[in-house]
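# Fold and contact review
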Amino acid sequence: MSSQHSGSAVWSGGLKDGIGSISTQTGVLKEAPYGFKARFEDGPGTNPEELIGAAHAGCYTMALSGVLGEAGMTAQKLETTAAVTLDKVDGGFAITKVHLTLLATIPGADQAKFEEAANKAKVSCPVSKLLNAEITLDAKLQA
């Protein structure tokens, strides 16, 4: 099975004074503004790093649901945040780290099996496989 999805971007102007927009194939994002201030300062709009964070959080959470199912567990609720770090490195900038924070509500779950599933999903999620960055995880199971 294979699937393909797309996103697009339009940019006008210079790096610091220009403005762009980002759209997705589905229209969930339609000409969402982005620019230098949204990426490196506290300006309005979105930026590639927060979009990668949302994609990674979504992918990881969905992968975890599948891994939990294989282990005989069903989550009542999984909440994941992905904090993406953009650092200045030799030759420019790079995404160097992603820290996943998970809060899971899984009635009757065994702590050790939960941790095993959470870590397995971290490495098996397709977005994790895509990123050339250190990926860390704090996973908390609540009753």
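Because the structure is a prediction, the values reported are computed rather than measured. (Residues numbered from 1 in each chain as written. Predicted model: local features only at pLDDT ≥ 70, side-chain atom pairs only at ≥ 80, totals over all residues. Heavy atoms only, no water.)

## A look at the overall build of the protein chain
Across its full length, the protein chain carries four helices and six strands. Each helix (α) and strand (β) of the protein chain, taken in turn from the N terminus, gives the series β-β-β-α-α-β-β-α-α-β. Seen through its principal axes, the protein chain has C-alpha atoms that stretch 55 × 35 × 30 Å. Out of the 143 residues in the protein chain, the part that is buried amounts to 33%. In the protein chain, of all internal contacts separated by at least 6 residues, the share reaching a separation of at least 24 is 50%. Here the protein chain holds 12 positive side-chain charges and 15 negative ones, and the gap between their average locations is 2 Å. (Helix = DSSP H or I, 4+ residues; strand = E, 2+ residues; numbered from the N terminus. Buried < 20%, exposed > 50% of the residue type's maximum accessible area, 1.4 Å probe, protein only. Contact = heavy atoms within 4.5 Å. Lys, Arg positive; Asp, Glu negative; His and termini not counted. Charge placed at Lys NZ, Arg CZ, Asp CG, Glu CD.)

## What about the packing of aromatic side chains?
The final tally for this structure, using the stated rule, is three aromatic pairs. Between Phe-36 and Phe-40, the ring centres sit 4.8 Å apart and the planes meet at 40°, which makes this aromatic pair tilted. You can see Phe-36 and its partner Phe-40 sitting in helix 1 (residues 36–40), four residues apart, about one turn around the helix. Overall, the relative accessible area of 34% leaves Phe-40 in the partly exposed class. (Phe/Tyr/Trp six-rings, centres within 6.5 Å; stacked < 30°, edge-to-face > 60°.)

## Things to note about the layout of surface pockets
One number sums up the size of the largest pocket: a volume of about 260 Å³. Lining the largest pocket are Ser-3, His-5, Ser-6, Gly-7, Thr-24, Gln-25 and Thr-26. Looking at the lining of the largest pocket residue by residue, the classes come out as no nonpolar, seven polar and no charged. A volume near 210 Å³ is recorded for the second largest pocket. Put simply, the parts of the chain that give the lining of the second largest pocket at least two residues each are helix 2 (48–70) and helix 4 (126–130). Examining the composition of the lining of the second largest pocket, we find that four residues originate from one element, helix 2, more than from any other. Its residues placed into classes, the lining of the second largest pocket shows eight nonpolar, no polar and no charged. (1 Å grid on protein atoms, 1.4 Å probe; cavity = no way out; pocket = protein on both sides within 12 Å on 5 of 7 lines; lining within 4 Å. Points joined across faces, edges and corners; volume = space filled by probe spheres on them. Nonpolar A, V, L, I, M, F, W, Y, C, P; charged D, E, K, R; others polar.)

## Considerations on helix 3 (residues 111–124)
Counted at 1.5 Å a residue, the expected span for helix 3 with its 14 residues is 20 Å, and the 20 Å between its end C-alpha atoms agrees. Within the span of helix 3, buried status applies to Phe-114, Ala-117, Ala-118, Ala-121 and Lys-122. Buried residues along helix 3 cover an arc of 140° about the axis, so they all sit on one side. Exposed side chains of helix 3 directed beyond 90 degrees from the buried face belong to Ala-112, Glu-116 and Val-123. Buried positions along helix 3 lie against helix 2, strand 5 (92–105), helix 4 and strand 6 (134–142). One side-chain oxygen of the residue at the start of helix 3 lies 3.2 Å from the amide nitrogen of Ala-112, identifying that residue as Asp-110. (Expected span 1.5 Å × (residues − 1). Arc of directions from axis to C-beta. Polar contact = N/O pair within 3.5 Å; in protein donor to acceptor, adjacent residues only side chain to side chain.)

## Comments concerning the nonpolar core
Counting residues in hydrophobic clusters, the biggest one holds 26 residues, and the most contacted among them are Tyr-60, Leu-64, Leu-102 and Ile-106. Sorting the residues of this core by element identifies helix 2, strand 4 (77–89), strand 5, helix 3 and strand 6 as the ones contributing at least two each. The biggest single contributor to this core is helix 2, with seven residues. Contacts of Tyr-60, omitting those with residues within four sequence positions, involve Thr-80, Leu-100, Leu-102, Ala-118, Ala-121, Lys-122, Cys-125 and Leu-137. (Core = buried A, V, L, I, M, F, W, Y, C linked by side-chain atoms within 4.5 Å.)

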